[in-house]
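Each chain, written out:
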Amino acid sequence: MISKLFNPYKLLGKNQQVGELPDANTIFDKTVAIAWPAVLESFLISVVAMIDNIMVSSLGTYAIAAVGLTTQPKFIFFAFIISMNVALSALVARRKGADDRDGANKVVKQAIVISAILIAIISIVSFSFAEPLLKFCGAQEDTIGASVDYYRIIMGFSCFQLFSMVLNAAQRGVGKTKIAMRTNIVSNIVNVVFNYLLINGNLGFPALGVKGAAIATVLGSVAACAISLKSIYQDDGYLNISLMKGKLYDKEIVKSIAKLTSGTLAEQLFFRIGFLTFAMIVAKLGTTAYATHQIAMNCMHISFSFGDGFSVAAVSLVGMNLGAKRSDLAKIYGIACKRLGYIFAVILCVFFIFSGKYIYMMFTDDVQIINLGVIIVQILAVILFFQIDQVITSGCLKGAGDTKYVAMVAFLSVTLIRPISAYVFCYPLGWGLIGAWIGTLFDQLARNFLNSTRFRSGKWAEIKI
């Protein structure tokens, strides 16, 4: 099976062979070695987010909606760090491929300086404007109070989560995906334990409700940040604090970071504008519909986690091989990541088709929500094939530095196609929440087609960063 799915000559196709190619088992083993920690990390984050919502759901439907409403405004601010992290992973991977350890550490130092400034601004601004922002996002009278409380705690202490994300992105760039996995495992355990203690007040702890869920998340991010920091103090680490010497401001490195970040930031902002508009369209359907939608989004995050994990591997593998002047291997490993993604897509499709009802029953006993949710999850079972493939392909393009194209795709698909089609299906056609998810299907189809077309063209392999 492996020899057929990962045959290097079939994966390379008609593209030019640059050097000696590894055998199918080597391709499979190397891809899995880098991918599995990233996949597990992303999966655990999604599962814990779902557990978080299940625990919060004990407070009522309003609590599910209240926490869900904070997601998009949070990620609008996080977009600045996320976009820089993609650039950081790509730049570090290129330098690792070129055997330039000093250069990789200098890039990390500049990223740390930039992120410190951005994080301070994000924390202050998001905390100060929490209420008007959440009202704009569609918070109703029964959710606004809980939403503001949750959002202010999460964003006021976001420095720990964001700084951990920066260091983990750097480690992923050199293929050290296990470090990020360990930080998130610890973070998730801390989060779940304190959710149990603080949401409903167990073992003598105060019952803080939605505030308790937020505090638990913060405590988990503090633990993650400590582990991420420890990783750059290891004597045998490729990225090491003792090697991060030189100027606080290196013009050339900052220019390289800014060049890649600009494209990814545009992509992230297009994502957030599109997702926020989409969330507002759904929020107007009412608290019950939004709660149904939020549970389905938890399921979608799980399917996304597999694509995202292989996407992280693709950024590293494509970046390192292009740094080593092996465009042929960059394509081979990119397709290998995509094929592994397809395998998980089939498994998830079967799982969601047969378990949709039981997933919803973990959150609520409301028959209306459960019956509608089963239909939404069946639509998701189709969506996830296109979702997983396009996310991995996007990772291949980002690893090559083709961030401007990815941003253009995000604008066309997420900012325009998803909200416009969702609105039309939701309201003029009267399909309600089902219409919103049909709009999501259109978005994923468009992104899959556009990203795959670009990947097949091979133009990404010619980009210099």
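We now examine the overall build of the protein chain. Each helix and strand in the protein chain was counted, giving 17 helices and 0 strands. Its C-alpha atoms give the protein chain a radius of gyration of 22 Å, near enough to 23 Å, the size a compact globule of 465 residues would have. Principal-axis analysis of the C-alpha atoms places the extent of the protein chain at approximately 60 × 45 × 35 Å. The 465 residues of the protein chain split such that 58% are buried. A sequence separation of at least 24 residues applies to 81% of the contacts in the protein chain between residues at least 6 apart. Surface exposure of the protein chain reaches about 18900 Å², of which carbon and sulfur atoms provide 66%. Taking the average place of the 40 positive charges on the side chains of the protein chain and the average place of its 25 negative ones, the gap between the two points comes to 6 Å.

Summarising the element assignment, threonine 403 is placed in helix α16 (residues 403–426). Residues in contact with threonine 403, not counting those within four places in the same chain, are Leu260, Gly263 and Thr264.

Now for the environment of tyrosine 249. Relative to the assigned elements, tyrosine 249 resides in the loop between α11 (210–231) and α12 (251–283). Judged by its relative accessible area of 52%, tyrosine 249 falls in the exposed class. Aside from chain neighbours lying at most four places away, what touches tyrosine 249 is Gln110 and Val254.

Cut-offs applied
Residues numbered from 1 in each chain as written. Predicted model: local features only at pLDDT ≥ 70, side-chain atom pairs only at ≥ 80, totals over all residues. Heavy atoms only, no water. Helix = DSSP H or I, 4+ residues; strand = E, 2+ residues; numbered from the N terminus. Rg over C-alpha atoms; globule rule 2.2 N^0.38 Å. Buried < 20%, exposed > 50% of the residue type's maximum accessible area, 1.4 Å probe, protein only. Contact = heavy atoms within 4.5 Å. Areas by Shrake-Rupley, 256 points an atom, 1.4 Å probe, with all protein chains shown as cover. Lys, Arg positive; Asp, Glu negative; His and termini not counted. Charge placed at Lys NZ, Arg CZ, Asp CG, Glu CD.

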